[in-house]
Amino acid sequence: MHSFSLSLLLSLFVLVPVHCVRLSFHARVTSTPPQARGLSRRASPVPIFNNGNVQYVSNITLGGIDVPVLLDTGSSDLWAHFPAQLPQSTDMGKSLTLAYAVGKATGNIHSATLEFDNYTVPDLPFVLVTDTSTFSANFNDQGYSGLIGFGPNSGSLIRKKLDKGDAGNTMLSRIFEQDRTTGNYISLLLDRKGDPSDLFTGQMTVSEIVPGFENITSMPKLDVDTVSKLLKAEQHWQALTDKNNGIIGPDGQAIKIKSIVPRAPSGQLVAVFDSGFTFSQVPRDVADAIYGRARGAIYDTEQELWTLPCGQVLNLTFNFGGLPYPVHPLDVVDDNFSKTDANGNKICIGSFQPITTAFSMLGNYDMIMGMNFLRNVYTLLDFGNWVDTSSTDRGHPYIQIASLTDTNQAHKDFVKIRLGGVDTSGDAKWSLLAQNETQHSPVSAEEKKKKYQEMILSRWPYILLGCLAFLMILLGLCIWKCCCRKGSKRGCCRKNPRTPKKEKGWGKMESSTDLPLHEPPRAYVGDRNTIVRY
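Residues numbered from 1 in each chain as written. Predicted model: local features only at pLDDT ≥ 70, side-chain atom pairs only at ≥ 80, totals over all residues. Heavy atoms only, no water.

Asker: Explain the overall build of the chain to me, please; I cannot follow it from the model alone.
Answerer: For the chain, the count of helices and strands is nine helices and 28 strands. Within the span of the chain, comprising 534 residues, buried residues form 52% of the whole. For the chain, restricting intrachain contacts to residue pairs at least 6 apart in sequence, the fraction spanning at least 24 positions comes to 69%. Element-wise, carbon and sulfur atoms account for 53% of the exposed surface of the chain, whose accessible area totals about 24700 Å². (Helix = DSSP H or I, 4+ residues; strand = E, 2+ residues; numbered from the N terminus. Buried < 20%, exposed > 50% of the residue type's maximum accessible area, 1.4 Å probe, protein only. Contact = heavy atoms within 4.5 Å. Areas by Shrake-Rupley, 256 points an atom, 1.4 Å probe, with all protein chains shown as cover.)

Asker: Honestly, the sheet that holds strand 11 (residues 203–206) in this entry has me stumped. Any pointers?
Answerer: Read across the sheet, six strands follow the order 1-11-10-25-26-12 without closing on themselves; strand pairing throughout is antiparallel. At either margin of the open sheet sits one strand with a lone partner, and together these are strand 1 (46–47) and strand 12 (222–223). (Pairing = 2+ DSSP bridges.)

Asker: Sorry, what's going on with the nonpolar core here?
Answerer: Proteins that are soluble and globular tend to have nonpolar side chains buried together. Counting residues in each nonpolar core, the largest one holds 84 residues, and the members touching the most others are Phe-318 and Phe-373. In terms of residue count, strand 8 (residues 119–131) provides more of this core than any other element does, five residues in total. Non-local contacts of Phe-318, meaning those with residues more than four positions away in its chain, are made with Gly-246, Ile-247, Leu-323, Pro-324, Tyr-325, Val-327, Phe-352, Met-367, Met-369 and Phe-373. In this structure, Leu-70, Leu-147, Ile-158 and Leu-162 belong to the second largest nonpolar core, which totals 16 residues. (Core = buried A, V, L, I, M, F, W, Y, C linked by side-chain atoms within 4.5 Å.)

Asker: Which parts of the structure should I look at to understand the packing of aromatic side chains?
Answerer: The way to describe two aromatic rings as a pair is by their centre distance and the angle between their planes. This model, assessed by the stated rule, comprises 14 aromatic pairs. Their ring planes at 75° and their centres at 5.7 Å tell us that Phe-279 and Phe-337 sit as a pair that is edge-to-face. Taken together, the residues span a long stretch of sequence, with Phe-279 in the loop between strand 15 (270–273) and strand 16 (280–282) and Phe-337 in strand 21 (residues 333–340) at a distance of 58 residues. For the pair formed by Phe-279 and Phe-337, the shared burial category is buried. Through a chain of ring-to-ring contacts, the aromatic side chains of Phe-273, Phe-318, Phe-320, Tyr-325, Phe-352 and Phe-373 assemble into a single cluster. (Phe/Tyr/Trp six-rings, centres within 6.5 Å; stacked < 30°, edge-to-face > 60°.)

Asker: What am I meant to see in the state of the cysteines here?
Answerer: If you walk through the whole model with that rule in mind, you get one disulfide. A disulfide-free cysteine, Cys-478 has its sulfur positioned 6.7 Å from the sulfur of Cys-482, the nearest such atom. (Disulfide = S-S within 2.5 Å.)

Asker: Is there a simple way to think about the pairing of strand 20 (residues 323–327) in this case?
Answerer: Successive residues of a regular strand alternate their side chains across the two faces of the sheet. Bridge count between strand 19 (residues 316–320) and strand 20: five bridges; the pairing is antiparallel. Residue pairing in the sheet places Thr-317 in a bridge with Pro-326 of strand 20. Hairpin remark: strand 19 followed by strand 20, antiparallel, with two residues in the connecting loop; positive phi at Gly-321, about 60°.

Asker: Honestly, the confidence of the model for the chain in this entry has me stumped. Any pointers?
Answerer: In low-pLDDT segments, the atomic positions of the prediction should not be examined closely. On average, residues of the chain score 80 in pLDDT, and 74% of them reach the 70 mark or higher. Under a pLDDT of 50 for its full length, residues 2–43 has, in the predicted model, 148 contacts with residues more than four places off or in other chains. (pLDDT = per-residue confidence, 0-100.)

Asker: What's the story with the pairing of strand 10 (residues 185–189) in this structure? I'm lost.
Answerer: Of all the five residues making up strand 10, five are buried; the element is thus mostly covered by neighbouring parts of the structure. Residues Tyr-185, Ser-187 and Leu-189 line one face of strand 10 and the alternating positions Ile-186 and Leu-188 line the opposite face, and both faces are buried. Sheet analysis places strand 10 next to strand 25 (residues 377–382), joined by four bridges and oriented antiparallel. Opposite Ser-187, over in strand 25, you have Leu-380 as the bridge partner. The pairing of strand 10 with strand 11 spans four bridges and is antiparallel. In the sheet register, Ser-187 faces strand 11, and the bridge partner there is Thr-205.

Asker: Can you walk me through helix 7 (residues 407–418) in this structure?
Answerer: At 3.6 residues per turn, the α-helix brings residues three or four places apart onto the same side. For helix 7, built from 12 residues, the straight-helix expectation of 16 Å at 1.5 Å per residue is met to within 8% by its first-to-last C-alpha distance of 16 Å. The complete set of buried residues in helix 7 reads Ala-410, Asp-413, Phe-414, Val-415 and Arg-418. Backbone nitrogen of Asn-408 and a side-chain oxygen of the N-cap are separated by 3.2 Å at the start of helix 7; the cap is Asp-406. (Expected span 1.5 Å × (residues − 1). Polar contact = N/O pair within 3.5 Å; in protein donor to acceptor, adjacent residues only side chain to side chain.)

Asker: Please explain the side chain of Asp-413 as it appears in this structure.
Answerer: With respect to the element layout, Asp-413 can be found in helix 7. Despite its burial, Asp-413 pairs with no opposite charge; the closest candidate is Arg-192, at 6.0 Å N-O. With sequence-adjacent residues up to four places away left out, Asp-413 is seen in contact with Asp-195, Pro-196, Ser-197 and His-328. (Lys, Arg positive; Asp, Glu negative; His and termini not counted. Salt bridge = Lys/Arg side-chain N within 4 Å of Asp/Glu carboxyl O.)

Asker: Looking at this model, I keep getting lost on unusual backbone geometry. Mind explaining?
Answerer: Phi is mostly negative for residues that are not glycine, and the peptide bonds are mostly trans. Positive phi, normally seen in glycine, also occurs at Asn-53, with a value near 60°. By the secondary structure assignment, Asn-53 is in the loop between strand 2 (49–51) and strand 3 (55–62).

Asker: Would you mind showing me how to read the sheet that holds strand 19 here?
Answerer: Working definition: the strands of a sheet are paired by backbone hydrogen bonds and lie parallel or antiparallel to each other. Strand order in the open sheet made by the three strands is 14-19-20, with antiparallel pairing throughout. This sheet does not close on itself; its edge strands, each paired only once, are strand 14 (247–248) and strand 20.

Asker: Just to check I follow, could you spell out the environment of Asp-66 for this structure?
Answerer: With respect to the secondary-structure elements, Asp-66 resides in strand 4 (residues 65–72). You can call Asp-66 partly exposed: its relative accessible area is 32%. Separated by 21 residues in sequence, Asp-66 and Pro-87 place their C-alpha atoms 9.2 Å apart. Side-chain polar atoms of Asp-66 contact the side chain of Thr-61, separated by 3.1 Å.

Asker: Where do I start with a nonpolar patch on the surface in this structure?
Answerer: A surface patch of nonpolar side chains, amounting to about 400 Å² of accessible area, comprises Leu-468, Phe-470, Leu-471 and Leu-474. For Phe-470, the position within the fold is in helix 9 (residues 460–486). Looking at Phe-470, the relative accessible area reads 54%, which means it is exposed. (Patch = residues over 30% accessible without salt bridge, like charges linked within 9 Å, V, L, I, M, F, W, Y side chains within 5 Å.)

Asker: Explanation requested: the pattern of salt bridges in the structure shown.
Answerer: If the charged atoms of two oppositely charged side chains come close together, the side chains can form a pair. In this structure the tally under the stated criterion is eight salt bridges. Among the ionic pairs, Asp-331 bridges to Arg-192, the shortest N-O distance being 2.8 Å. One end of the pair, Asp-331, is in helix 5 (residues 329–332); the other, Arg-192, is in the loop between strand 10 and strand 11, with 139 residues separating them in the sequence. For Asp-331, a relative accessible area of 2% gives the class buried.

Asker: Just to check I follow, could you spell out the environment of Lys-94 for this structure?
Answerer: Structurally, Lys-94 is set in strand 6 (residues 90–100). Judged by its relative accessible area of 27%, Lys-94 is partly exposed. In this structure, the C-alpha to C-alpha distance between Lys-94 and Val-127, residues 33 residues apart in sequence, is 9.5 Å. Apart from the residues within four sequence positions on either side, Lys-94 is in contact with Gly-107, Asn-108, Ile-109, Lys-161, Leu-162 and Asp-163. Only 3.1 Å separates the side chain of Lys-94 from the backbone oxygen of Lys-161, close enough to count as a polar contact.

So this is what it looks like as structure tokens:
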């Protein structure tokens, strides 16, 4: 999602992208970024580096230069910045700007040989970014120098700029084309820093499963083509929640909210799975239902998020394909940022943020499942027939997710880390407020405007059909009126017929205008048994 998604959205620690404001706190980075390690041809899985639970980075080799890139399932393009040595590449003579909430990746489209995992892709197009002045922070200092998108080929702006030819195909499309006998899928396993029971490391695979997680193939297949889209370029990795219980809140009850997607089934929400968001983006009413009943919770209107005491346990579960996917309480109340309140006391962040700048103006989705959700599942993304040249994997694209979070163990982890090892979660100070005491975050005038615009833009086909139908009716009435005027001389379309002539044996005929008001007018035409009313 170029206009708002991308790992840049929050990985640069910008939590209010609409204003491109940089927060005064930073994630705690605990180890050396991956650019210190060289990339060679290696077997899957590909290591994923976790930068403080804020961004996930892996290495590629582009034109002979190692490049640490953010992994983004919400976009489809590749761009890179080379602060020192330039890669061996060919300038394709076309410039492109990829707009992000925190800046613009601007440069010419180049092609170069890319190495990733066990694959070599010659002449892969990418944007060689030369101007980084619009970014709100130096992303090279944050441990990465580019971004690679894992979205569908149809969403690539580079491909569109190159007139949609095969030369503009994305990295994954080119990889899948190399071997048409394997499945067109990737899988992502994101680890959690600071979790004592999280024993695996971040990994990514292409056309194979991470060893030990083979049960992913038995999970429900969430069809991403189920939801109707207005624009093909707006296709995402998206799926429907379960009907009427898609989100189970901290009180154990379903959070019910109506979808903004015009054709979404009743009682279901459309969720996009996007590794480019540090915090998940949910409808404001959902965020309020999660955090509005926590004691001490305060909504930060500047940063557009809830803040609350770090010891607050909030259980949250999402249901997809008939299965529950609980979220670790460490991911519901985030402590990866050194944030304090007005008195200097440490506070945490409600990581399911009200969707504002990421709001879908075309009404294509309701919420975005970001990194804090994706850490709780092992994710498989199957491209299916999105890859035009595949010979074996021709089904609909789908998502499979396997739960990684055990609720009992997750509670023990929270107690150990946030409550000092003593389970005080049952104390009155951590109890939820009554339903009628729920706090509600304010809706800005800009957000109201966007919602009104969405109501129009997402329904423009229906509005257009309605306007056309109205015009057809109006045109029909005009034609009828004209016919009536032209036919008046011939007696057509007249309210009162001409007085019939006298006929033998009938006697005197009365004009309808001479009849009393209470008597319906009649005119006798033809034989005696025929009566015509006007």
